[in-house]
Amino acid sequence: MTKWVYSFGAGRNEGRAEMRDLLGGKGANLAEMATIGLPVPPGFTITTEVCTAYYENGRKYPDGLREQVATAMAEVEKAVGARFGDPHSPLLVSVRSGARVSMPGMMDTVLNLGLNDATVDGLAAASGDARFAWDSYRRFIQMYGSVVLGVDHHRFEEIIEHVKLDRGAVEDTELTAQDWHRVVDGYKEMVAETINRPFPQDPEEQLWGAIGAVFGSWMNQRAITYRRLHDIPADWGTAVNVQAMVFGNMGDDCATGVCFTRDPSTGENVFYGEYLVNAQGEDVVAGIRTPQPMAKARAKPGEKPMEEVMPAAYAELVKVRERLERHYRDMQDIEFTVQRNKLYMLQTRNGKRTAAASLKIAVDMAREGLIDEAEAIRRVNPAALDQLLHPTLDPKAPRKLLSKGLPASPGAACGAVVFSADEAESRAAKGESVILVRVETSPEDIHGMHAAKGILTTRGGMTSHAAVVARGMGRPCVAGAGGITVDYAGQQLMAGGQVVRAGETITLDGATGEVFIGSVPMVEPQLSGDFATLMDWADKVRRLRVRANAETPLDAETARKFGAEGIGLCRTEHMFFDPERIGAVRQMIMSETEGGRRDALSRLLPFQRKDFIELFRIMAGLPVTIRLLDPPLHEFLPHSAAEIAEVAASLDTDVAAMQRRAADLAEANPMLGHRGCRLGVSYPEIYEMQARAIFEAAVAIAQETGRAPVPEIMIPLVAARRELEITRAQVDAVAQQVFSEKGYHVEYYVGTMIELPRAALTADRIAEVGDFFSFGTNDLTQTTFGLSRDDAGKFLPLYVEKGILPKDPFVSLDPEGVGALVRIAVEKGRSVKQDLKLGICGEHGGDPASIQFCEEVGLDYVSCSPYRVPVARLAAAQAALQAGGVDRTA
Ligand code: PEP
Ligand code: MG
């Protein structure tokens, strides 16, 4: 019989942390905590396999499950000394979901399960507190009613408000046992009316209703969206955890809290979190009451830190914190409850953190000896580094403060105010920058949070939904800005007499919690400190070199600053669009004769030479790969009537001639047309001019600095060996001319892009005439799939959603198809030239999964956009570690 249920804390701990696939993260860690002797209320976990079986069998439970649950429940009863459904000494349980990876806010929780009209009296008697018992009962009906029975939660709020109004009470805490009893009666009546049957009184029925709701919620829209955004497969399933209740709301010697063993925003090594005295579970996250800080050091005047209010429980918690960090060797996100001064641990998991915190924690933990340098490298998600490389607010820039909230997720963001997640999504899809403003967010809002540049809420703390989700997504967030009033109906927000309407711009500083009116200028990020340390460690480990795709001096400087070890792709056509030279480019295109073209090219030569001089100077001593002209010529032609007239006049020709030439150049399939080396074959003078500019620039810089650059001249879109032979001969001839004119010789290489399947399949032939290959995986993906890279965006997301393709192949290299061609080209190329230099310069060069592939097939370098260089350095290090390379950090 398959084992469907695993016990913890009840004398037996059947699970372990490593069993998270089977038990979900929460269940596995509850078992682990119980095993290492931490105080965990007893309970059991129904495995993720049950969830999968449930959906495979048309929402039916597998055989044996009910029996196993009954046995595990009996063990919990024994451990606690209370019985489920016993009117005198009732056992109450919580029922929670727990998937393999944490999905905050995605799944539902029911507390106090087991209460009914009889057991509520038993709870009152056992606790000696009737008010607590009736409050617990109404909480249970409310949670069960909304989560399991689908009753709108506003209906419950209305009933409480009604009783409060009747009693002249402002706070919930003013209500007595009788008042809560009235609330319970009101709830039961309302629920019965809504669902056409009474609220279930049988604890067994309650239990199976809640278990069904957890499994059911795996397929709710919020969970599906979250899985889609985070690449989580639907067949992982969720586990269900059933655990004896402990109460943080039995009086002032009780509390409940959520905290992190280090600051999840900055990574600082301080105990960080929030707790509430006399409160139950969800109160802290729900933002209904303002939680208090844990540590004295973090308390502001007037706040009541747990360290002072409950010193004994706090001291115990500090010990637990150390124990957990030593055990898990990572920052933990924990939930606890103090019942009558006794501490209970309800959850631990690796805490979500900002990129900045992730970096600091990894570096600090390596220095503290908790992990080694290699592990620190593995710990930081390369893609998340992106967040650190982006600008923050310029401290010197003038600004107009609107209000201040909590610094919930760092980074600065600026955009138009929108008040709904749907609007955030639709406006962002049109390319607008938006800030999503909500009173508070809920899991229904995640698509809008994802689309927004930043998130602002007026209610909720540092562990509110908005804060947790924004940090995970890397969006700047200001939470709980209580000074701001949001008027959804009027589509405006107000603070201190100032009004901001929907569509107007605000700026958020997620590091300080400030909100400004209008846009505030930003500054470049700091790349020193922990960032530099981790990059150093990564550089020691990685085998792959990292270069940048850059044409302009600004891009080249940025790339150097981020640690690029040369340029892997300089797309020379980008240099042609400059207003100063486009005239000459157009003259070259328009000319019907070689003489006319040479004339125009001679005007372009000084510009190109200057471009290369600047690049060589910035990249002194490093390789610079310059790709000769690639796009179809018509891309440079003027479009508007005014532009056409202007060019015609400057060329002393008429508009009709211009239009004729444009018509001549038009192609049905330009990306498969007269472009790349085909231009070099048809118009050798173009590549000759470019080669001359490169060699003259190289000689000039060698003479100026004494450090000769090593140009790598790259021929695009080669399909046949002969194309490379012809174009290479042109380049070599120009090199000889320039060297003899200048009396100076520089080393150079001529290679090709491998960006057509035919080139990959005949790479051995091509390698005979080329010095290096650079995989142009943008075109290679386009031509392998027969998929236009400019148009596929319209339907590729659907392909990914339907699982036809695992990822967008233009973002992450398709290992099966495109990757197979790369492998063939590598093998064939190196079979001819053992030390053939191999790189990649398509967009994939900055994608961590693709970099891993490049490591596996043995490329020499990756080249990516300047901002992705650090991402690539770290990803290359992780790939090297994964490949089991020598650990050079030791
Ligand atoms: C490529 O095709 O991968 C490439 C780098 O060239 P481009 O994107 O300029 O076509
Ligand atoms: Mg290309």
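See the structure printed just above.
Residues numbered from 1 in each chain as written. Chains lettered and ligands numbered in written order. Predicted model: local features only at pLDDT ≥ 70, side-chain atom pairs only at ≥ 80, totals over all residues. Heavy atoms only, no water.

(A) Representation of the pattern of salt bridges in the model. Per the stated rule, a full pass over the model turns up 56 salt bridges. Here Arg379 ties to Asp330 by a salt bridge, and the two come within 3.5 Å at their closest N and O atoms. Placement of Arg379 in helix 14 (residues 373-379) and of Asp330 in the loop between helix 12 (311-328) and strand 11 (332-339) is noted, with a sequence separation of 49 residues between them. Among the residues examined, Arg379 registers a relative accessible area of 22% and is labelled partly exposed. Residue class for Asp330 comes out buried when judged on its relative accessible area of 7%. Measuring nitrogen to oxygen at the nearest pair gives 3.0 Å for the salt bridge that ties Arg722 to Glu725. (Salt bridge = Lys/Arg side-chain N within 4 Å of Asp/Glu carboxyl O. Helix = DSSP H or I, 4+ residues; strand = E, 2+ residues; numbered from the N terminus. Buried < 20%, exposed > 50% of the residue type's maximum accessible area, 1.4 Å probe, protein only.)

(B) Highlighting the pairing of strand 11. Burial runs high along strand 11: eight of the eight residues are buried. Residues Gln332, Ile334, Phe336 and Val338 point to one face of strand 11 and Asp333, Glu335, Thr337 and Gln339 to the other, with burial holding for every one of them. Pairing between strand 11 and strand 12 (residues 342-350): eight bridges, direction antiparallel. Within strand 12, the residue paired with Glu335 across the bridge is Gln347. Here strand 11 folds back onto strand 12, and the loop between the two strands holds two residues, one of which, Arg340, carries a positive phi near 45°. (Pairing = 2+ DSSP bridges.)

(C) The arrangement of the side chain of Thr533 in detail. Position of Thr533 relative to the elements: it lies in helix 19 (residues 529-541). By relative accessible area, Thr533 is classed as buried at 15%. Once residues lying within four places of it in the same chain are set aside, the contact partners of Thr533 are Val363 and Arg367. (Contact = heavy atoms within 4.5 Å.)

(D) The sheet that holds strand 11, seen in detail. Sheet architecture is open: five strands sit in the order 10-9-8-11-12, paired in antiparallel fashion. Either end of the sheet is taken by a strand with one partner, and the two such strands are strand 10 (292-293) and strand 12. Taken together, the six bridges between strand 8 (residues 255-260) and strand 11 define a ladder with antiparallel strand orientation. Bridge pairing in strand 11 links Cys259 to Ile334. Packing against the sheet, helix 12 makes contact with strand 11 and strand 12, and its axis sits at approximately 30° to strand 12. (Axes fitted to C-alpha atoms, helices over the stretch in contact; angles between N-to-C directions.)

(E) Geometry of the nonpolar core. Grouped together as the largest cluster of nonpolar side chains are 134 residues, with contacts concentrated most on Leu534, Phe612, Phe616, Phe695, Phe775 and Leu859. Looking at this core element by element, the count peaks at twelve residues for helix 26 (residues 684-705). Not counting chain neighbours up to four residues away, the residues in contact with Phe612 comprise Cys570, Thr572, Met575, Ile626, Gln690, Ala693, Ile694 and Ala697. Judged by nonpolar contacts, the second largest core, of 84 residues, contains Ile46, Ile141, Trp180 and Ile455. (Core = buried A, V, L, I, M, F, W, Y, C linked by side-chain atoms within 4.5 Å.)

(F) Structural view of the coordination of the magnesium ion (ligand 2). Here the magnesium ion (ligand 2) is held by Glu755 (OE) and Asp779 (OD), and the distances to it run 2.0 to 2.1 Å. Residue Glu755 is located in the loop between strand 30 (749-754) and helix 28 (757-761), and its partner Asp779 is located in helix 30 (residues 777-785); the two are separated by 24 residues in the primary sequence. Relative accessible area serves as the criterion here: at 2%, Glu755 is assigned to the buried category. (Donors = N, O, S within 2.8 Å, 3.2 Å for Na, K, Ca; no water.)

(G) Structural view of unusual backbone geometry. The backbone of Asn112 sits at a positive phi, close to 65°, despite the residue not being glycine. Tracing the sequence through the fold places Asn112 in strand 6 (residues 109-113). Judged by its relative accessible area of 0%, Asn112 falls in the buried class. The phi dihedral of Arg329 falls on the positive side, at around 55°, and the residue is not glycine. Positionally, Arg329 belongs in the loop between helix 12 and strand 11.

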